[in-house]
Amino acid sequence: MKKGLFLSGEEKAAANYYSVFNPHTEGLIGEAADGTPSEMSEAIEKADEAYKKMKTLTSNEKAGILSRAATILRDRKEEAARIISQEACKPVTAARTEVQRTVQTLQFSGEETKRMNGEYLQLDAAEGGEGRDAYTLHESIGVVGAITPFNFPLNLVTHKVGPAIAAGNTIVVKPAEQTPFSSLLLAEILSEAGLHPGAIAIVPGDGKTLGEVMLKDERIKKISFTGSPEVGKLLKAEAGLKKMTLELGSNSPMYVDQSCRGEVSEVAEKSVKGAFAYNGQVCLSTQRIYVHEEIFDDFIQECSEKTARLQFGDPLEESTEVSSLINKKSQQRLYEWIKEAKAEGAEVLAGGEKVGNGLEPTILSNVSSTSSISCKEAFGPVVIINKVKSSEEALEQMNNSRFGLNAGVFTNDLKQAVDMAHRIEAGQVLINDVPTLRFDHMPYGGVKDSGYGREGVKYAIEEMTELKMISIKYR
Ligand code: NAD
């Protein structure tokens, strides 16, 4: 496979190309355009031109494009899943789930474009404001610049592209270096669905080089970034007056209360899935579990047994549940963090060793809160399960983090559930669910170092539009 840039509604040959390898087999997947600054500028120019057309589309027309794209993607589900599986090294069963979610993200975008309502304002609530009718509307802003990560190369790109189109904007995407092919497929599908040429451009290549062009170009009105906090902070420092959404990392925590005594096996099952889905390379992966001492022994036994049964293998194999990490650097980093935790007294309850280009699904217990594997983002198949004496101690540990994305609480105590939900420092709190949970229409984003702004189709549209107020004096 050799893929160029996606510009003006079609694939275009690029000046340079780079090779993309399968992280598990190390075999060549294909060649992708290695975008240059001038190719990025051309994409922005075309998107700016296309905006003249996009901003005139009716909601009905935009909904039609997005809904047709959802149907085409559903028909090409298997092809999309195999692309994701190979470039992101994602077990193919999980890749199919990502495609199915992307179909929904497109559908939600089509539905939300019809609900971009404003409100009626009572200006006569202010002294001297009488005799006016006033209302608000959401206006499109122009070209959105999207910079995306490797881990959900189709759905997280669609979380920016769908709302941008719904809002009447155009969008230029810089996908992660490891995963250019999924976003190219999305652009092809949207074009087939009738999107105006130029309204979407895909420019793969180096993040720093192409990101700088996006940041400097006045025609880009908003940067929507999903990725690591380190890069997010760099972008925010350079973004000037551009709008900005930052969806960053986390080390998501969870508490299991003793009131769940009767459901230990079920909660353990969900926890293992939450910790090891897509090798733990999920921004809201369950990383820190705090369990009440009364049920701790049962819980770790259940988790250890279920973890030991997980099948490691080639991402394209139907039976594979865990595969190689995205690169050897991640594998080595995590391996070092496990060694550090062990040296500090942590106990290994499952895994702990390298396997292929990945790591065995690993459970650590009795981990110090200052250990790297606890206070940094693991972004791999390692979970900590620590014993606590009370929900208060759990709460303190959960909030002892620079991050705040998703958090989970398993409890049958209603007052405790509500109290903890209010006091946990996170963008989303899931009661009786693991933190590794996202539905594509819910508001989603972080506090602290986990980010800035919200996605989830309706909320992303709000952040990709400007609120305009119109007042009409009639008396
Ligand atoms: P990354 O930050 O390394 O890369 C993300 C994107 O930024 C890539 O396209 C990359 O090319 C680009 N980039 C890198 N340096 C840049 C620079 N100096 N200027 C502009 N762009 C630059 O992240 P990753 O390894 O691809 O993804 C993993 C991270 O993403 C984790 O921290 C994870 O938690 C986070 N993530 C967050 C969410 C969320 O919704 N909160 C979702 C998925 C992933």
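Quick caveat: nothing in here was measured; it's all calculated off a predicted structure.

Once that is clear, we can look at the pairing of strand 9 (residues 170-174). Burial of strand 9 is extensive: five of the five residues sit out of reach of the surface. Following the chain from strand 8 (residues 143-147) across helix 5 (residues 155-167) to the adjacent parallel strand 9, one finds a crossover that is right-handed. With three bridges joining them, strand 9 and strand 10 (residues 200-202) adopt parallel strand pairing. In the strand pairing of strand 10, V172 is matched with A201. Each parallel crossover has a hand, and the one from strand 9 via helix 6 (residues 180-192) to strand 10 is right-handed.

This next bit is on the sheet that holds strand 13 (residues 253-256). Here seven strands make up an open sheet; going across it, the order is 15-18-19-14-13-21-22 and the pairing mixed. Whereas interior strands pair on both sides, the edge strands pair on one side only; in this sheet they are strand 15 (347-350) and strand 22 (428-431). Between one strand and the next, the sheet's axes are offset by a mean angle of 20°, whatever the strand orientation. Pairing analysis gives five bridges linking strand 14 (residues 288-292) to strand 19 (residues 382-388), with the strands arranged parallel. Bridge pairing links I289 to I385 in strand 19. Across the sheet, helix 10 (residues 296-308) touches strand 13, strand 14, strand 15, strand 18 (362-365) and strand 19, and the angle it forms with strand 19 is around 165°. Packing against the sheet, helix 11 (residues 328-343) makes contact with strand 15, strand 18 and strand 19, and its axis sits at approximately 25° to strand 18.

Considered domain by domain, the protein is made up of domain 1 (2-248 + 450-473) and domain 2 (253-439). A straight line from the C-alpha centre of domain 1 to that of domain 2 covers 31 Å. With 30 residues of domain 1 at the interface, the matching set in domain 2 holds 29 residues. In this assembly, domain 1 packs against domain 2 so that about 2400 Å² is buried in total across both faces, 54% of it on carbon and sulfur atoms. On inspection of domain 1 and its partner domain 2, the count reaches three salt bridges. The salt bridge involving E26 is made with K328; its shortest N-O contact spans 3.1 Å.

Take the site of the ligand next. Near the ligand there are 28 residues, and of these K174, E177, S228, L248 and E377 occur at the shortest range. F150 is positioned such that a nitrogen or oxygen atom in its backbone is 3.3 Å from an oxygen atom of the ligand. Between the ligand and E377, the relevant distance is 2.5 Å, taken from an oxygen atom to a side-chain nitrogen or oxygen of the residue. Its free accessible area being 840 Å², the ligand has 86% of it covered by the protein chains. The pocket occupied by the ligand, as judged from atoms lying within 2 Å of grid points, is the largest pocket.

Here we have three strands laid out as an open sheet, ordered 6-7-25, and antiparallel in their pairing. Across the chains shown, the open sheet's two edge strands, defined by having one partner strand only, are strand 6 (120-121) and strand 25 (465-473).

This part takes up the environment of K46. Looking at the secondary structure, you find K46 in helix 1 (residues 37-54). Take K46: its relative accessible area is 24%, and that puts it in the partly exposed class. Distance from K46 to S8, taken between C-alpha atoms, is 6.7 Å for residues 38 residues apart in sequence. Those residues in contact with K46 that lie beyond four places of it in its chain are S8 and G198.

Quick look at helix 3 (residues 77-88) now. Taking 1.5 Å of rise per residue, 12 residues should cover 16 Å, and helix 3 covers 16 Å from first to last C-alpha, within 8% of that figure. All of the buried residues in helix 3 are A80, A81, I83, I84, S85, E87 and A88. Where helix 3 is buried, its residues touch strand 5 (28-33), helix 2 (59-75), helix 4 (92-112) and helix 6. Looking at the residues trailing helix 3, positive phi occurs at C89, about 60°.

All right, on to unusual backbone geometry then. Among all residues save glycine, negative phi is the norm, and among peptide bonds the norm is trans. A positive phi angle is found at S8, which is not glycine, with a value near 50°. Structurally, the position occupied by S8 is in the loop between strand 2 (5-7) and strand 3 (10-12). Since its relative accessible area comes to 23%, S8 is described here as partly exposed. A positive phi is found at Y278, a non-glycine position, where the angle reads about 45°. When its relative accessible area of 4% is taken as the criterion, Y278 is described as buried.

Basis of the calculations
- All chains use their own residue numbering, which begins from 1 and follows the written sequence.
- Local features in this predicted model are restricted to residues whose pLDDT is 70 or higher, and side-chain atom pairs enter the listing and the counts only when it is 80 or higher, whereas totals over whole chains, interfaces and linings include all residues.
- To obtain the side-chain values, all non-hydrogen atoms of the structure were used and water was disregarded.
- Summary of the burial criterion: residues with accessible area below 20% of their type's maximum are buried, those above 50% are exposed, and those between are partly exposed, where the area comes from a 1.4 Å probe applied to protein chains only.
- Only runs of H or I of at least four residues qualify as helices and only runs of E of at least two qualify as strands under DSSP, and these elements are numbered from the N terminus.
- A clockwise path from the first strand over the helix to the second, with the strands pointing away from the viewer, defines a right-handed crossover.
- Should DSSP find at least two bridges between two strands, the strands are regarded as paired.
- Lines are fitted to the C-alpha atoms to define the axes, a helix being fitted only along its stretch in contact, and any angle between axes, read from their N-to-C directions, falls within 0 to 180 degrees.
- In what follows, a contact means two residues having at least one pair of non-hydrogen atoms within 4.5 Å.
- Domain boundaries shown here were taken from an automatic or database domain assignment.
- Note: buried area is the sum, over both parts, of the accessible area (probe 1.4 Å) each one loses when the two are combined.
- Put simply, a salt bridge is a Lys or Arg side-chain nitrogen that is within 4 Å of an Asp or Glu carboxyl oxygen.
- If even one non-hydrogen atom of a residue comes within 4 Å of a molecule or strand, that residue is called near it.
- Polar contacts, as used here, are pairs of N or O atoms within 3.5 Å; protein pairs need one atom able to donate a hydrogen and one able to accept it. Residues neighboring in sequence count only if both atoms are side-chain atoms.
- Computed with a 1.4 Å probe, the accessible areas rest on the Shrake-Rupley method; for each residue, only the protein chains presented here act as cover.
- Points on a 1 Å grid over protein atoms alone make up a cavity when a 1.4 Å probe fits among them but cannot get out, and a pocket when they form an open set with protein on both sides within 12 Å along at least five of seven lines; lining residues each have an atom within 4 Å of a point.
- Whether a molecule lies in a cavity or pocket depends on its atoms, and more than half of them have to be within 2 Å of the grid points.
- Each helix should span, by expectation, one fewer than its residue count multiplied by 1.5 Å.

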